[in-house]
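# An overview of the molecular structure
Below, each chain spelled out in residue letters.
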Amino acid sequence: GAEALAGCARVIEAVYETPYLAHAALEPMNCTARVTEAACEVWAPTQSASDALEWAARTAEMKPEAVTVHTTLVGGGFGRRLMQDYVAQAVILAKATGVPVQVVWTREDDTRHDFYRPATYNLLRAGLDANGTPVAWAHRIVGPSILGQLAPEMQGGLDRSSVMGAADLPYAIPNLEVDFVLHDPGVPVGWWRSVGSSQNAFVTECFLDEVAAGGGHDPLAFRRALLRDQPRHLAVLNLAAAKTGWGTPLPPPRGRGVAVHGSFGSFVAMVAEVAVADDGAVKVERVVCAVDCGMVVHPGLVEAQMESAVAFGLSAALHGEITIEQGAVRQSGFDDYPLLRMDETPAIEVHLAPSGDAVGGIGEPGVPPVAPAVVNAIAAVTGKRVRRLPVRAEELRGG
């Protein structure tokens, strides 16, 4: 805490900000329902059939055993289809009309009535000793709480999803303090692919690069030293670095950035190779992923999930921002909330680290390292630190 920082030879401080993000699934919210006097039947692209059944039963005012839910392909979920508002809507209309009803949201409704990834404001301070080694790390996160909104009875307790990827920092820093300050302006929030790790990996991995630079250290060597007690983090870090030839020069205006993060029982390191033009335009040319998800059952599926995570993470890092004006969401669709286009998509390589550990998740762990690897690469090219997402070309011009 403050005492540990006070005794340091040098203190580095930074503020990082992350925006609200929509899920922007290609298939908008939709549901088909049929309600008779005796039964309710629902066809829904839901990520939780049990929750859909509970919502349908409550909305139709029936016992759960009178409800049948048919789970269809989701057309993109990312956490959005854990919420069942669109299911309830179809059931209300089917019950009121007495005929089967299919509800399909417009893209505008889908964008403006999401449960958004929480926006956060982060204050970070790191204390270095005389050798430039971090001996204290303090991270304050300010933002809304997903569980605080969805389960108000937990409002007084800690929402662990808010601090995931921050409170479990893997680096060997003896004094670690992470606290969360609830600030809820009333925007609906929900789970977004990789949840708190999606923001916190960006914040912590970018600030770690700042701390490395402050002590005069190479970011890769710095991580290696601090991960000496974390063999799985270290293995994927070394594998990604080896596959990219870390330390060999890239022709300007190109540079490399690295990030490593563990979440959902799996560990992922990424090295991004990025070019930044004179006008500040960022082109991510190559992303190399190294993955340890424990025993691999289906290698092709792991590769596909990593490729998907890179595209999803880059969409957010380069373009994603939901803004509120006069109490309403300003964005309305893919014109002003764009997804990554094919011509923006980098070459993606996926390397599986041999592991005999327990099977981990793979749908989410690829997202957290994407933004920090890219932002760290931008700093390597331009010397400029992006501390607020999405990346903005106007802040990088002439560098």
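Predicted, not measured: the structure shown is a model, and the values here were computed from it.

The next point concerns the packing of helix 7 (residues 195-214) against helix 8 (residues 219-226). When two helices pack together, their arrangement is captured by the angle between the axes and the distance separating the axes. One way to put it is that helix 7 packs onto helix 8 with a least axis distance of 9 Å and a crossing angle of 105°. On the basis of the axis angle, helix 7 is roughly perpendicular to helix 8. The segment helix 7 lies against helix 8, with Glu205, Leu208, Asp209, Val211 and Ala212 engaging Pro219, Phe222, Arg223 and Leu226. Class assignment of the residues belonging to the contact of helix 7 with helix 8 gives a composition of six nonpolar, no polar and three charged.

Two residues of an α-helix separated by three or four positions point the same way, owing to the 3.6 residues in each turn. Every buried residue belonging to helix 8 is among Leu220, Phe222, Arg223 and Leu226, and all of these are buried. For helix 8, the angular spread of buried residues about the axis comes to 160°, placing them on one side. Here the buried face of helix 8 lies against strand 7 (134-143), helix 7, helix 9 (231-244), strand 9 (254-263) and helix 11 (370-382). The N-cap of helix 8, judged by a side-chain oxygen 3.0 Å from the amide nitrogen of Leu220 a few residues on, is Asp218.

The subject of this paragraph is the side chain of Ser197. Relative to the helices and strands, Ser197 resides in helix 7. For Ser197, a relative accessible area of 1% puts it in the buried group. A distance of 3.0 Å separates polar atoms of two side chains, one belonging to Ser197 and the other to His261. Here Ser197 is in contact with Met164, Gly165, His261, Ser263 and Pro368, once residues within four sequence places are set aside.

Counting across every chain of the model gives four aromatic pairs. Centre to centre, the rings of Trp192 and Phe312 are 4.7 Å apart; their planes meet at 40°, and the pair counts as tilted. Of this pair, Trp192 sits in the loop between strand 8 (175-182) and helix 7 while Phe312 is found in helix 10 (residues 299-319), placing the two residues 120 residues apart along the sequence. On the basis of relative accessible area, Trp192 is assigned to the buried category, the value being 3%. Grouping aromatic residues by their ring pairs yields a cluster made of Phe78, Trp192 and Phe312. The ring of Trp192 has Arg117 sitting right over it, with the charged end atom 5.0 Å from the ring centre. In this arrangement the basic side chain of Arg193 is found over the ring face of Phe312, its NZ or CZ atom lying 5.3 Å from the centre.

The next point concerns the pattern of salt bridges. Close approach of charged atoms allows side chains with opposite charge to pair. Counting across every chain of the model gives 20 salt bridges. The salt bridge involving Glu41 is made with Arg34; its shortest N-O contact spans 2.5 Å. The exposure class of Arg34 is partly exposed, given its relative accessible area of 36%. Linking Glu54 and Arg58 is a salt bridge whose minimum nitrogen-to-oxygen distance equals 3.3 Å. A residue pair is termed a helical-turn pair when its members lie 3 or 4 positions apart in one helix, as Glu54 and Arg58 do in helix 2 (residues 49-60) at four residues. Among the residues examined, Glu54 registers a relative accessible area of 44% and is labelled partly exposed.

Cut-offs used in this document
- Residues numbered from 1 in each chain as written.
- Predicted model: local features only at pLDDT ≥ 70, side-chain atom pairs only at ≥ 80, totals over all residues.
- Heavy atoms only, no water.
- Axes fitted to C-alpha atoms, helices over the stretch in contact; angles between N-to-C directions.
- Helix = DSSP H or I, 4+ residues; strand = E, 2+ residues; numbered from the N terminus.
- Parallel < 35°, antiparallel > 145°, perpendicular 65-115°, else oblique.
- Contact = heavy atoms within 4.5 Å.
- Nonpolar A, V, L, I, M, F, W, Y, C, P; charged D, E, K, R; others polar.
- Buried < 20%, exposed > 50% of the residue type's maximum accessible area, 1.4 Å probe, protein only.
- Arc of directions from axis to C-beta.
- Polar contact = N/O pair within 3.5 Å; in protein donor to acceptor, adjacent residues only side chain to side chain.
- Phe/Tyr/Trp six-rings, centres within 6.5 Å; stacked < 30°, edge-to-face > 60°.
- Lys NZ or Arg CZ within 6 Å of the ring centre and 35° of its normal.
- Salt bridge = Lys/Arg side-chain N within 4 Å of Asp/Glu carboxyl O.

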